[in-house]
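# What the coordinates show
The lines below spell out each chain.
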Amino acid sequence: MIFKKKVIVLFLIFLATLSACNDPEVKEINVGFIGPMSTRATDLGIDPSKAMQLAIEQYNSSKSETQPQINLFIEDDKWEKEMAKPAYEKLRKEHNIDVLFISNTDGTIELQDKIIEDGVIAINPLNNDKLLSSLNKNTFKIAKSTEEVHKALGIRMIELGIKKVLILHFPNDFMTIGGNAIKDILTENGIENKLIEIKKDQTNFTEILQTAKETETEAYVFLGYNEFGFAMKQARDLGIEAPFFGSTTLLDPVFFSNSEGAIVGTECTFFTPLDGNYILANEFLESFKKRFGEEPFSIWPPLQAYDAMNILINEVKTINEDKSKDVTQVDWLRNRLLNVKYYQGVCGNISITSDGSSRGIYFSLYKVESDGKLIKIKR
Amino acid sequence: MKIRTKLILSFGVIISVLCIEIILNQIISDNAADTYQKLKTQALPTLRILDKFESVNNEFFLLSSNKVYNSNLPLDSQNRLNGILEVELPYLKTELVQLSKNLELNEEISIKSPVIIELTNDLISLGNEVNNLLVLKDDYADSEKMQTAIALVENDISTKHAQLKTNLLILKVNYGNLLEDYQNEFSQNLKSLSNIILITGGLGILFGIGIAFLVIRSISKPIRALNTAALRVSSGDYDADISLNGNDELASLGDSFNIMTSSLKGNFELIKSNNKEIKQQEERIRKVIEASPAAIILMDPTKKISLINKQTEKLFGYSRVDLIGESAEKLIPLRILNKGSIVDDIFSSKNKIDTLGVDQNFYGLTKNNEELPIEISLSFIEIHGQDMILASIVDITERKQQEADIKKYVEQLKSKNKELEQFSYITSHDLQEPLRTVLSFIDLIKEDYNDKLDKELNTYLNYISDASIRMSHLIKSLLDYSRIGHKGKIEMVNCNRILSSVTADLKYKIEESEAEIHYGDLPTIEGYKLEIRLLFQNLITNAIKFQKKTEVAKINISFEDKWTYWQFNIADNGIGIREEFQNKIFVIFQRLHNREAYDGTGIGLSHCKKIVELHGGEIWVSSEEGIGSTFHFTIPKNIE
């Protein structure tokens, strides 16, 4: 009897040892997205979320048995950094997310400690700047370079022979970094400029604009969101005929309506299929339209988000084959993302550098022709 | 040569050809796979990277040159240049390193990859320098910047580009040649493979056809002969022997065939003989059935008659045609059928053999609607899986008459017997009266004329008195004999108690004779109590009486349980009975000894016999003169 018991105990130990040796298969990867689904800059939230959803659906529908299911859970931060933490906590609590996509630079910075603590990989699919690159090792930026994009605007103004520039920017990191990039290049080239940070909900810019007009400002740069539609209208109402420049956010429909058409002619940096992999980008747009009934209003956010999500999918789909039991999931995924050297995406050929930022997405200069329409500027 | 050997050899040759083909195919396939592997992992990836490298190198040089000489360089071109510098050239470097790692160190690409990587790094660095120099249109107006930029492009970038291009070109040419060699080798392997398949396939087919022809020919001829012989046998010609040459399986089959035909012939003759015997047996059985004194009817489960014999026709007056296929109920009077179908009863009790008509009145119905008493024995039998009833019918008209006669005689006998017993009783009883008168008068004479009677007359009177007393005893015995069983009733009789009572009654005689009586535990039996007591008393008295003068009588009473009856044994050590007298002792008034020797009436054993027979048992003696006798009697356990 005692012998039998010993045999049973040994057998159970053997089974336990066996089960301990097997690295449990990853069945699901939960991905969260925190973005502006309402209030402000919704073109950076709604369509990118759809693009990510499309990428996940395409993967889940064709994945093999051994590949993990990927689930997407979305939270609205109303483009406010204060909203990032509650949204993240909710995603972690309710869905135990493994990877977080967040488009707001301030929000990304806000969550730095939490993602390291929780072992979550954060990916910003819209912005990629030096500030973000200086953050922790779990943060990746699969997007255009904020500084370069705005530097291109500065170069454009220099090439146009503009001598005095007013730069107004929204009080967040992205627009601040963009404004500073413009300011730097202008200053380096001896162009007089003034960088003013507006208030978050400011809609009346008459005083600033009136002052700029009086000081013979030759160009106006509006780095922000739909509130600057009012500024453009107010500028034209003040009789300012100087050219307007804007950031990548001009195609928000509210922006146009707030400007009452004053936005037409504004030059900005933007990204269209022509700037990336034209064939893949058009395929994506067709799929997007087929899935959601319409094309995205502002093209570059969903294009970048689609690439960012597909880069993640391209790596995690082999997790059950490639990840050894000695490596944690977060370490494995971080290492895989850092080794992305040549991903042929809709935005072009993308690589990820050692600081987690990406290279390969390059914006061009465009001009607003009408509501939602841009034309490329030739030098 | 045996067919098996032929087939093994044939297939052996074909399999050998196939094996050779497989081995050659395997060798060449391995070579082809090896070549293909080299193509896949070595030549093609290397050429792909080299092509891409060359293309990017050329594009980079064009874009950088364009950038220097075109102040209106479109932003798209600038972006592309940035893409090459930031993504594509670093990626190609990584790919080249990876490829080198996967290849052997002595591979040309592995040897040259450090040079290519260094040149690429230089180009990236130079490209970034040009990019940084010429950012704005104004930079193009800056002669110093322009001079530097042009120098960078025309000297440094151009040189590095050319060096890289040369290296790439040499590698491309070499790997192109290598690719061509591998392709040729691969193609040659495939061609060789194809030739081997063609040649060995052709040889295999030729061998196959040849062997098939030989084997078919060696098989088909004997088979045809066998077929012809088999057809002859099937048409009844068992003398159809065949002769096949050789010592293969078909020749053996031919021999077996001959043995088979011979055996068939013998078997058919045996069957014929058996059939004849069967027919004879059938005939015998038929004759037995026909000759049976009883009428025999065979019925099927639906009571339809399927067979009858001649006696049936005779008994019932029907012909076979009238009865075959008809219901057996046709032969039973309606009044009996109305009481319930006897045939149905019989069918409901399979395997039961029943008899109708014995101890009961059963009648058959003749064609003339006459009833006749019959006795039927019904037997359930199974013929060819079908339940059947075999009825054996006997006309018992005569027997019935005999039985009636016997019954009449028995009644008459009983009446006579009764009368005789009555006569015996009356006679015995009435005879006592004159005897008593005689004795009374003798007593009176003796009493009244005592003084007048002389001695001789007294003696005569004594003789008359003794004779009368003896006659009285005889008459009394006779009366007792006739009374046996008249007033008794059957009851349970405890033999131990009976013997106890008898020995008590005979106490005086036993003590006087010093006889020893032994008996064990005796059973309780059914019987007439008084008669049983008398039976034991007579036999014990007999044993005491006929004892030897010189020995003490030893009487041993025992019994045996004989399943349906009890057997009692009363053994003594008396004088015994000579064998010739042993049958006479049970006859009434039969004496073996004179009265002077042994007193008695000579009716005791007759009583015993009558008592035993009254109970339905038997009595007999086994004895040896001078040794002793044993009287045996049996009493049935169930007395009717």
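Per-chain numbering applies: the sequence of each chain, read as written, is numbered from 1 onward. Going through the entries in the order they are written, you letter the chains from A and number the ligands from 1. For a predicted model such as this one, the threshold for reporting local features is a pLDDT of at least 70, and the threshold for listing and counting side-chain atom pairs is 80 or more; totals across whole chains, interfaces and linings nevertheless cover every residue. Water and hydrogen atoms play no part in the side-chain values, which are based on all heavy atoms of the structure.

Heads up, the condition is: UniProt positions are given in the numbering used here, feature names are shortened, and annotations may be inferred rather than shown by experiment.
Naming follows an unreviewed UniProt entry, where chain B appears as histidine kinase of Gillisia mitskevichiae. As its UniProt record puts it under Subcellular location (unreviewed entry), chain B is described as follows: "Membrane".

If you check an unreviewed UniProt entry, chain A appears there as Amino acid/amide ABC transporter substrate-binding protein (HAAT family) from Gillisia mitskevichiae. Regarding chain A, the UniProt comment filed under Sequence similarities (unreviewed entry) reads as follows: "Belongs to the leucine-binding protein family."

## Description of the interface of chain B and chain A
The condition is simple: Throughout, a residue-residue contact means that at least one pair of heavy atoms, one from each residue, lies within 4.5 Å. Each of two parts loses accessible area, computed with a 1.4 Å probe, when they are put together; buried area is these two losses added. A carboxyl oxygen of Asp or Glu within 4 Å of a side-chain nitrogen of Lys or Arg is what we treat as a salt bridge.
Taken together, the contact pairs 19 residues of chain B with 20 residues of chain A. A buried area of about 1,600 Å², summed over both sides, lies between chain B and chain A, and 58% of it is on carbon and sulfur atoms. Of all residues in chain B, the largest losses of buried area upon contact with chain A belong to Glu86, Val87 and Leu136 of chain B, amounting jointly to 32% of the total for that side. Taken together, chain B and chain A are joined by 2 salt bridges. The salt bridge involving Arg359 of chain A is made with Glu86 of chain B; its shortest N-O contact spans 2.3 Å.

## Description of the packing of aromatic side chains
Put simply, the rule is: For this analysis, a ring pair means two rings from Phe, Tyr or Trp (six-membered ring only for Trp) whose centres lie within 6.5 Å, classed as stacked if their planes differ by under 30 degrees, edge-to-face if by over 60, and tilted for the remaining angles. Here a helix means four or more residues in a row that DSSP labels H or I, a strand means two or more in a row labelled E, and each is numbered from the N terminus. For every residue, the accessible area (1.4 Å probe, protein chains only) is compared with the maximum for its type, and the residue is labelled buried under 20%, exposed over 50%, or partly exposed between those bounds. Counting as a charge over the ring demands two things of the Lys NZ or Arg CZ atom: a distance within 6 Å of the ring centre and an angle within 35 degrees of the ring normal.
Counted by the stated rule, this structure contains 20 aromatic pairs over all chains. When the ring of Phe586 of chain B is compared with that of Phe631 of chain B, the centres are 6.1 Å apart and the planes differ by 85°; the resulting orientation is edge-to-face. With Phe586 of chain B in the loop between β11 (565-571) and α16 (604-614) and Phe631 of chain B in strand β13 (residues 628-636), this pair connects stretches of sequence that are 45 residues apart. Accessibility assignment for this pair places Phe586 of chain B and Phe631 of chain B in one class, buried. Here the aromatic residues Phe205, Tyr220, Phe222, Phe228 and Phe244 of chain A are joined through ring pairs into a cluster of three or more. Over the ring of Phe244 of chain A we find Arg236 of chain A; its NZ or CZ atom is 3.6 Å from the centre of that ring. The aromatic ring of Trp566 of chain B is capped on one face by Lys637 of chain B, whose charged end is 4.4 Å from the ring centroid.

## With respect to the state of the cysteines
Residues and elements named next belong to chain A. This is how the line gets drawn: In this description, the term disulfide denotes a pair of cysteine sulfurs within 2.5 Å.
Under the definition given, this model contains 0 disulfides over all chains. Of all cysteine sulfurs, the one in Cys347 lies closest to Cys268, which takes part in no disulfide; the gap is 16 Å. Take Cys347: its relative accessible area is 1%, and that puts it in the buried class.

## With respect to the UniProt feature "transmembrane region" (unreviewed entry) in chain B
Per the UniProt record, "transmembrane region" (unreviewed entry) is found at residues 196-216 of chain B. Taken end to end, residues 196-216 of chain B has its terminal C-alpha atoms 29 Å apart, with 100% of it in helix and 0% in strand.

## Here we look at the UniProt feature "domain: Leucine-binding protein" (unreviewed entry) in chain A
The feature "domain: Leucine-binding protein" (unreviewed entry), as annotated in UniProt, sits at residues 28-369 of chain A in this numbering. In this annotation, residues 28-369 of chain A is assigned 44% helix and 20% strand; the end-to-end C-alpha distance for the span is 45 Å.

## Re the environment of Val288 of chain B
Residues and elements named next belong to chain B. For Val288, the location among the structural elements is in helix α6 (residues 249-291). Classification of Val288 as exposed rests on a relative accessible area of 56%. As a C-alpha pair, Val288 and Asn309 span 21 residues in sequence and 9.5 Å in three-dimensional space.

## Some words on the pairing of strand β12 (residues 348-352) of chain A
In the case of a regular strand, side chains alternate between the two sheet surfaces. Residue and element names in this part refer to chain A. How we decide: The rule for pairing is simple: two strands pair if DSSP sees at least two bridges between them.
Of all 5 residues that make up β12, 5 are buried, and the element is covered over most of its length. Pairing of strand β11 (residues 343-345) with β12, which is carried by 3 bridges, proceeds in the antiparallel orientation. Bridge assignment links Gly345 to a residue of β12, and that residue is Gly348. Where β11 folds back on β12, the antiparallel hairpin that results is connected by 2 residues. With 2 bridges joining them, β12 and strand β13 (residues 358-359) adopt antiparallel strand pairing. Among the inter-strand pairings, Ser351 is bridged to a residue of β13, identified as Arg359. The turn joining β12 and β13, which pair antiparallel and follow one another in sequence, is formed by 5 residues; a positive phi near 90° is taken by Gly356.

## Things to note about the environment of Asn189 of chain A
Position of Asn189 of chain A relative to the elements: it lies in the loop between α8 (173-188) and β7 (192-197). Since its relative accessible area comes to 31%, Asn189 of chain A is described here as partly exposed. Sequence separation between Asn189 of chain A and Ile155 of chain A is 34 residues; the distance between their C-alpha atoms is 9.2 Å. Apart from residues lying up to four places away in sequence, Asn189 of chain A is in contact with Ile158 of chain A together with Leu136 of chain B.

## Digging into the domain arrangement of chain A
Residue and element names in this part refer to chain A. The criterion, for reference: Where each domain starts and ends follows an automatic or database-derived domain assignment. Under this grouping Gly is polar, as are all residues other than the nonpolar Ala, Val, Leu, Ile, Met, Phe, Trp, Tyr, Cys and Pro and the charged Asp, Glu, Lys and Arg.
Each domain of chain A was delimited in the assignment, giving domain 1 (28-144 + 282-362) and domain 2 (147-270). One C-alpha centre belongs to domain 1, the other to domain 2; they are set 30 Å apart. Listed by partner, the interface residues are 23 residues for domain 1 and 19 residues for domain 2. Taking both sides of the interface into account, the surface hidden between domain 1 and domain 2 amounts to around 1,700 Å²; carbon and sulfur atoms contribute 54%. Among the residues domain 1 hides against domain 2, the three largest losses belong to Arg40, Phe297 and Trp300. Together they make up 30% of the total. Joining domain 1 to domain 2, the criterion identifies 4 salt bridges. With a closest N to O distance of 2.7 Å, Arg40 and Glu227 form a salt bridge. Elements with a contribution of two residues or more to the side of domain 1 that touches domain 2: α4 (105-110) and α6 (130-133). For the side of domain 1 that touches domain 2, the leading source of residues is α4, giving 3 residues. Along the lines of polarity and charge, the residues of the side of domain 1 that touches domain 2 split into 9 nonpolar, 6 polar and 8 charged.

## Thoughts on the sheet that holds strand β1 (residues 28-35) of chain A
Residue and element names in this part refer to chain A. Here is the rule: An axis is simply a line fitted to the C-alpha atoms; with a helix, the fit covers only the stretch in contact. Between two such axes, the angle follows the N-to-C directions and lies from 0 to 180 degrees.
One open sheet holds the 5 strands; their spatial order is β2-β1-β3-β4-β5, and the pairing between them is parallel. In this open sheet, the two edge strands, each paired with only one partner strand, are β2 (69-76) and β5 (139-141). Neighbour to neighbour, the strand axes of the sheet diverge by 20° on average, direction disregarded. Bridge analysis of β1 against strand β3 (residues 99-102) gives 4 bridges, and the strand direction is parallel. Within β3, the residue paired with Phe33 across the bridge is Phe101. The strands that helix α3 (residues 84-95) touches are β1, β2 and β3; relative to β1, the one it contacts most, it runs at about 160°.

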